[in-house]
Amino acid sequence: MTENNEKTPAISMRAVTKIFGNNEQEALALLRSGKSKSEVLAETGHVVGLDDVSLDVMPGEIFVVMGLSGSGKSTLIRHVNRLIDPTSGEIIVGGTDVLKMNMRELREYRRTRVAMVFQKFGLLPHRSVIDNVAYGLEVRGVDREERLKTAQKWIETVGLSGYEKSRPRQLSGGQQQRVGLARALALDTEILLMDEAFSALDPLIRTGMQDQLIELQKSLGKTILFITHDFDEALKVGDRIAVLKDGALQQIGRPEEIVLSPANEHVEEFVQAVNKARAIKVHSIMEKGDHEPCDQAVPMDARCEDVLPLFAENAWVGVVDAEGNQVGRLTAKQVIRALARHAAPAS
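With an unreviewed UniProt entry as reference, the protein chain is termed Quaternary amine transport ATP-binding protein, source organism Nitratireductor indicus C115. UniProt annotates the protein chain under Catalytic activity (unreviewed entry) with the comment "a quaternary ammonium(out) + ATP + H2O = a quaternary ammonium(in) + ADP + phosphate + H(+)". Checking UniProt for the protein chain, the heading Sequence similarities (unreviewed entry) contains the comment "Belongs to the ABC transporter superfamily."

K.L.:
Can you explain helix 9 (residues 203–220)? Please cite residues and give values.
P.N.:
Compared with the 26 Å implied by 1.5 Å per residue over 18 residues, the 25 Å span of helix 9 between its first and last C-alpha is a close match. Of all the residues in helix 9, the buried ones are Arg-206, Met-209, Gln-210, Gln-212, Leu-213, Ile-214, Leu-216 and Gln-217. Against strand 3 (62–66), helix 7 (144–157), helix 8 (173–186), strand 7 (191–195), strand 8 (223–228) and helix 10 (231–237) lie the buried residues of helix 9. In the stretch just after helix 9, Gly-221 is the one whose phi turns positive, near 60 degrees.

K.L.:
How would you summarise the environment of Lys-245 if you had to cite specific residues and measurements?
P.N.:
On the secondary structure map, Lys-245 appears in strand 9 (residues 240–245). By relative accessible area, which is 36% here, Lys-245 ends up partly exposed. The sequence separation of Lys-245 and Gly-72 amounts to 173 residues, and the corresponding C-alpha distance is 7.4 Å. Ignoring any residue separated from it by four or fewer positions in sequence, one finds Lys-245 in contact with Ser-71, Gln-250 and His-266.

K.L.:
So, the nonpolar core: which residues are in play, and what are the values?
P.N.:
Leu-181, Leu-192, Met-194, Phe-226 and Phe-231 are the most contacted members of the largest nonpolar core, which has 50 residues in total. It is helix 8 that contributes the most residues to this core, six residues altogether. In contact with Phe-231, not counting residues within four places along its chain, are Met-66, Ile-258, Phe-270, Val-271 and Val-274. Membership of the second largest hydrophobic core comes to 27 residues, among which are Val-53, Leu-76, Val-93 and Met-101.

K.L.:
Now, about the packing of aromatic side chains: what can you tell me, with residues and values included?
P.N.:
Applying the stated criterion across every chain yields a total of two aromatic pairs. Ring centres 5.6 Å apart and planes at 35 degrees place the aromatic pair Phe-231 and Phe-270 in the tilted group. Taken together, the residues span a long stretch of sequence, with Phe-231 in helix 10 and Phe-270 in helix 12 (residues 265–272) at a distance of 39 residues. We note Lys-18 situated over the ring of Phe-20; from NZ or CZ to the ring centre the distance is 5.2 Å. Above the plane of the ring of Trp-316 lies Arg-329, whose end atom (NZ or CZ) is 5.0 Å from the centre.

K.L.:
Just give me the short version of the domain arrangement of the protein chain, but keep the residues and values in it.
P.N.:
The domain architecture assigned to the protein chain consists of domain 1 (60–74 + 102–277) and domain 2 (278–343). The centre of domain 1, based on its C-alpha atoms, is set 30 Å off from the matching centre of domain 2. Domain 1 puts twelve residues into the contact, and the matching count from domain 2 is twelve residues. Summing the contributions of domain 1 and of domain 2, the shared interface buries around 1200 Å²; its carbon and sulfur component is 57%. Put simply, domain 1 and domain 2 have zero salt bridges between them. Between domain 1 and domain 2 we count five residue pairs in polar contact (both at pLDDT 80 or more) in total. Every element with two or more residues in the side of domain 1 that touches domain 2 is listed here: helix 10, helix 11 (255–260) and helix 13 (276–279).

K.L.:
Could you give an account of the sheet that holds strand 11 (residues 287–288), naming the residues involved and the relevant values?
P.N.:
Ordered in space as 11-14-13-12, the four strands form an open sheet in which the pairing is mixed. Strands at the two margins of the open sheet, each flanked by one partner only, are strand 11 and strand 12 (297–299). Pairing between strand 11 and strand 14 (residues 326–331): two bridges, direction antiparallel. What sits directly across from Glu-287, in strand 14, is Arg-329.

K.L.:
Give me the side chain of Arg-127: which residues, what numbers.
P.N.:
Assignment of secondary structure puts Arg-127 in the loop between strand 6 (114–117) and helix 5 (129–133). Owing to a relative accessible area of 17%, Arg-127 belongs among the buried residues under this scheme. Beyond its immediate chain neighbours, meaning those up to four positions away, Arg-127 contacts Asn-132, Tyr-135, Glu-138, Ser-166, Arg-167 and Pro-168.

K.L.:
Kindly report on the sheet that holds strand 4 (residues 88–93), identifying the contributing residues and their values.
P.N.:
Here four strands make up an open sheet; going across it, the order is 2-1-4-5 and the pairing antiparallel. Two strands bound the open sheet, and with one partner strand each, they are strand 2 (47–57) and strand 5 (96–97). In this structure, strand 1 (residues 11–20) lies alongside strand 2, joined through seven bridges in antiparallel fashion. Residue pairing across strands places Val-16 opposite Val-53, the latter belonging to strand 2. Contacting strand 1, strand 2 and strand 4, helix 1 (residues 24–32) runs over the sheet at an angle of about 110 degrees to strand 1.

K.L.:
Give a description of the packing of helix 1 against helix 2 (residues 37–44) that names residues and reports values.
P.N.:
Two quantities define a packed helix pair, namely the angle between the axes and the distance from one axis to the other. Interhelical geometry of helix 1 versus helix 2 gives an angle of 140 degrees and a closest axis separation of 10 Å. The orientation of helix 1 with respect to helix 2, classified from their angle, is oblique. In the crossing of helix 1 with helix 2, the sense of the turn from one axis to the other is right-handed. Side by side, helix 1 and helix 2 meet where Glu-26, Ala-27, Leu-30 and Leu-31 of the first sit next to Val-40, Glu-43 and Thr-44 of the second. Residue composition of the contact of helix 1 with helix 2, grouped by class: four nonpolar, one polar and two charged.

Cut-off values and rules
Note on numbering: residues in each chain are counted from 1, in written sequence order. This being a predicted model, a pLDDT of at least 70 is required before a residue's local features are given, and a value of 80 or more before pairs of side-chain atoms are given or counted; all residues contribute to the totals for chains, interfaces and linings. Think of the side-chain values as coming from all heavy atoms in the structure, minus any hydrogens and water. UniProt positions are given in the numbering used here, feature names are shortened, and annotations may be inferred rather than shown by experiment. The numbering of helices and of strands both runs from the N terminus, where a helix is a DSSP run of H or I of at least 4 residues and a strand a run of E of at least 2. Here the expected span of a helix is defined as 1.5 Å times the quantity of residues minus one. Any residue under 20% of the maximum accessible area for its type is buried, any over 50% is exposed, and the rest in between are partly exposed; the area is computed with a 1.4 Å probe on protein chains only. Whether two residues are in contact is decided by their heavy atoms: any pair within 4.5 Å suffices. Only buried residues count toward a nonpolar core, which is a set of Ala, Val, Leu, Ile, Met, Phe, Trp, Tyr and Cys residues joined through side-chain atoms within 4.5 Å. Two aromatic rings, drawn from Phe, Tyr or Trp (for Trp, its six-membered ring), form a pair once their centres lie within 6.5 Å of each other, and the interplanar angle then sorts them: stacked below 30 degrees, edge-to-face above 60, tilted otherwise. In this analysis the charged atom, NZ for Lys or CZ for Arg, is taken to sit over a ring once it is within 6 Å of the ring centre and within 35 degrees of the ring normal. Where each domain begins and ends is defined by an automated method or by a domain database. Here the quantity called buried area is the accessible surface, traced with a 1.4 Å probe, that two parts lose on coming together, added over both. Salt bridges, as used here, are contacts in which a Lys or Arg side-chain nitrogen is within 4 Å of a carboxyl oxygen on Asp or Glu. In protein, a polar contact means a hydrogen-donor-capable atom and an acceptor-capable atom, both N or O and within 3.5 Å, with residues adjacent in sequence counting only if both atoms are side-chain atoms; elsewhere, any N or O pair within 3.5 Å suffices. Any two strands with at least two DSSP-identified bridges between them are counted as paired. The angle between two axes is taken between their N-to-C directions and runs from 0 to 180 degrees, where each axis is a line fitted to C-alpha atoms and a helix contributes only its stretch in contact. Roughly parallel refers to an angle under 35 degrees, roughly antiparallel to one over 145, roughly perpendicular to one between 65 and 115, and oblique to any angle outside these ranges. Left-handed describes a crossing whose near helix is turned anticlockwise from the far helix by less than a right angle; the clockwise case is right-handed. Classes in brief: Ala, Val, Leu, Ile, Met, Phe, Trp, Tyr, Cys and Pro nonpolar; Asp, Glu, Lys and Arg charged; the others, Gly included, polar.

Structure representation (structure tokens):
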């Protein structure tokens, strides 16, 4: 994961509302008059997918959108590559108004600027692994030798060397998802859209894929819009998180902000069940200032779960910035106090 201070968003959504039905404008008028999603459904039979959503995704960050089933998160991500058009609102990607693109421009945009990783893998069953990975480049018109060379590179990167000639049915679920990820990465697009990409995987495989994504992001620095219903997953992979409910935004913030300061009761319900040690980063609870140098130090963006084992041998640990300069320190007492303060109440 990366820190990014650039001002211009990679993706901007402005007051995006999506209503599914035959008379969207009638339902939109009811929604804007103050009717709830359930009231609009009862009166018109129309479903509110998104309700006045505005957000910015910055270049090089993993921005996670999470929520329960029916919250609108998959509807949201499909607006970015215009698999779905909004009822109202604006979608700006890299300074370009996506909604004003004609069909030729939209096809080029989808081929060269955004790539998507699906929950159900979306592999072509009659093609080998290497031909699946190379498929997007083939559609783009890249010659066979070059696209196979690129595909081979990404197959090796995701740990599937030796499976180049295998068919999808010969692979495990985790391996199939790696093929899907390699196919998206092979396109080398600015933006990667991941819609519940790891949700169908077994827990151990899912954890491995999360770790691989985080590791890859350190070198790739892609702009990633990541959809999940799992709050622990959101906390692990996300630089920032947006929480949706009934198509409406509830809160946007860094993982520790969501955990330490939930915006409302809905977000607080998620927070009570999560691993706080995974969410809270040391810079939010450390003792700032100059201190006696310590042999053991951690970066500012380290999480409490990474630091806890160090206290077996150290009374405190130093905290360093990106240049390696010590900017604070952290004791076991500070970590325990932070975790206890935000522990779930006893049932």
